[in-house]
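Survey of secondary and tertiary structure
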Amino acid sequence: MKETKTTQSRSYLGIYRRRINWIVAVAALCMFTVVSCQQEEDGFSLFGELGEKHPLSKEERMEWWRDARFGMFIHWGLYAIPAGEWNGKQISGIGEWIMERADIPVSEYEQLAGQFNPVEFDADEWVRIAKNAGMKYIVITSKHHDGFCLWDSKVSDYDIMDASPFKRDILKELSKACKKHKIRLCFYHSIMDWHHPDAQAPFYPNYNDRERTNPNFANYVENYMKPQLKELVDNYGPLGVMWFDGEWIGDWTEPQGKDLYNYVLDLQPDIIINNRVGKGRKGMEGLSKSEEFAGDFGTPEQQIPAKGLPGVDWESCMTMNDTWGYKSSDHNWKSTEDLIRKLADIASKGGNFLLNVGPTAEGLIPGPSVERLAAIGEWMKVNSESIYGTTASPLGEVPWGRCTAKSNKLYLHVFDWPEDGRLEVPGLEQNVTKAYLLADKKHTGLPIMLVGPSEIAVTVPKEATNRIDSVVVLEIGQ
Ligand code: JFZ
């Protein structure tokens, strides 16, 4: 075969063959140089430890995520059944930790699987709730620390198909609904596993042990966790993000984190992986890009870093009350006002907002969460342009609210509407050519006055367009 080909090409190309070989060689060298420079610019050297072999740059992988700015976190599992109460006692702390908090033996806790029958679960409805709120992605617990799997796993019997009477593949239904409504599906997956015998420290009850280790942990990683991740990517993807957690246990090491990062990227080349795949609390306030390995983005939890995390992609995850997993006694709901302003605040600092819901054991997103998401959706219908695809504010602190930026526009999120109709905007370096209310479909220009070398005042109507956050758009000249 080879012989024939050579002869053929020789007869076709004749004396030009040598010249063509040269051109091919030079072209290949040029391409190689361009590719390696680009990879280095993106933070990954072609020959570096991370990004090696992976065809897409981080910039390419992060594009949709940076545009999205707003996602739904879903913590759902067996813990929704006790809902914060065990043997008639209220157990303090977050609901999904009840197994640990109430010292429940594995043999007892796993019996909850036999009761898990969320007949009200409607994947389409959940996705619609997220979509109507303006959320662009959903991160659901494929497996939380308790080890119970919400999909039909071939390497486990501790899952929704084998251990529960429900016998419907929850993640399959969500995957279909997400595709239908064009929302990215992502999984939260706990490295720590309180159920697998090789994953927990072997002295009960040490589910969450940072010191002691399990001699068979490698077996759990290679023959259980990795095959499960492959199932999730292959059968429920393509996924948006693999969101790891529970990396603080004594068994987990930084090299294992790097290996897992590469393993998941090999499964799906455009997937995004959070920082908790590796050791430590990277991407938290005060840590910079240069510090060790931090996955693709930082995950400040229940907090918004005061100045954002310049140079680092990040996502604040937050509860609407004080628990991730459903807890029947927790009524401490954040107000809609608080949530909308948090969304604007996070966007103004260059981050994403991952807002949590904890569905009930019946399969319903709690009413107070649904109401708040609907109200956020109403605001987003008018104002989402000031959130999607924006970057951090170029202005310093502004007294009346927050600011986001996109191409030649600044979006002024006015929380405190000026009673005198004069909105002062300090810290402006460029020329403002036009100002208008985002809620005004006609984009009627508002009067602009120069009041200082880098300060203007916009004359705005007496009444705010929205009592929580009215957006004024400034168009910036060249
Ligand atoms: C983890 C989980 O233990 C918890 O149940 C929930 O899923 C949450 C989203 O993540 O808890 C953490 C993880 C990280 C920090 C604190 C609690 N942290 O970085 O400070």
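Going by the structure above, here's the rest.
An account of the accompanying structure is given in this report. (Residues numbered from 1 in each chain as written. Predicted model: local features only at pLDDT ≥ 70, side-chain atom pairs only at ≥ 80, totals over all residues. Heavy atoms only, no water.)

**Comments concerning the sheet that holds strand β14 (residues 448-452)**
Sheet strands pair by backbone hydrogen bonding; their relative direction is either parallel or antiparallel. How we decide: For two strands to count as paired, DSSP must find a minimum of two bridges between them. Each helix is a run of H or I in the DSSP string that is no shorter than four residues. Each strand is a run of E no shorter than two, and both are numbered from the N terminus. Helix axes are fitted only over the stretch in contact, all axes being lines through C-alpha atoms; the angle between N-to-C directions runs from 0 to 180 degrees.
The strand order across the open sheet formed by 3 strands is β12-β15-β14, and the pairing between neighbours is antiparallel. The open sheet has two free edges, formed respectively by β12 (422-426) and β14, since each of these has just one partner strand. In this sheet, adjacent strand axes meet at a mean angle of 25 degrees when their direction is disregarded. One ladder, built from 5 bridges, connects β12 with strand β15 (residues 455-459); its direction is antiparallel. The residue of β15 that forms the bridge with E424 is A457.

**Quick word on the sheet that holds strand β16 (residues 470-476)**
Judged by pairing direction, the sheet is antiparallel, and its 4 strands sit side by side in the order β10-β11-β16-β13 without closing on themselves. Of all strands in the sheet, those bounded by a partner on one side alone are β10 (401-406) and β13 (432-437). If you compare each strand with its neighbour and ignore which way they point, the axes differ by 20 degrees on average. Note that β13 and β16 share 5 bridges and pair antiparallel. Opposite K434, over in β16, you have E475 as the bridge partner.

**Side note on the pattern of salt bridges**
Using the following cut-off: The salt bridge definition used is simple: a Lys or Arg side-chain nitrogen within 4 Å of an Asp or Glu carboxyl oxygen. Relative accessibility decides the category of a residue: with a 1.4 Å probe and only protein chains considered, values under 20% of the type maximum give buried, values over 50% give exposed, and everything between is partly exposed.
Counted according to the given criterion, the structure contains 23 salt bridges. Linking R66 and D313 is a salt bridge whose minimum nitrogen-to-oxygen distance equals 2.8 Å. In this pair, R66 is assigned in helix α3 (residues 58-68) and D313 in the loop between β7 (272-273) and β8 (315-318), connecting sequence segments 247 residues apart. By relative accessible area, D313 is classed as buried at 13%. K349 serves as the salt-bridge partner of D345, at 2.8 Å between the closest nitrogen and oxygen. Each of K58, E59, R66 and D313 takes part in one network of salt bridges that share partners.

**Thoughts on the pairing of β15**
As defined by bridge partners, β14 adjoins β15 across 4 bridges and the pair is classed as antiparallel. Note on β15: the bridge partner recorded for M449 is A457. Between β14 and β15, which pair antiparallel in sequence order, lie 2 residues.

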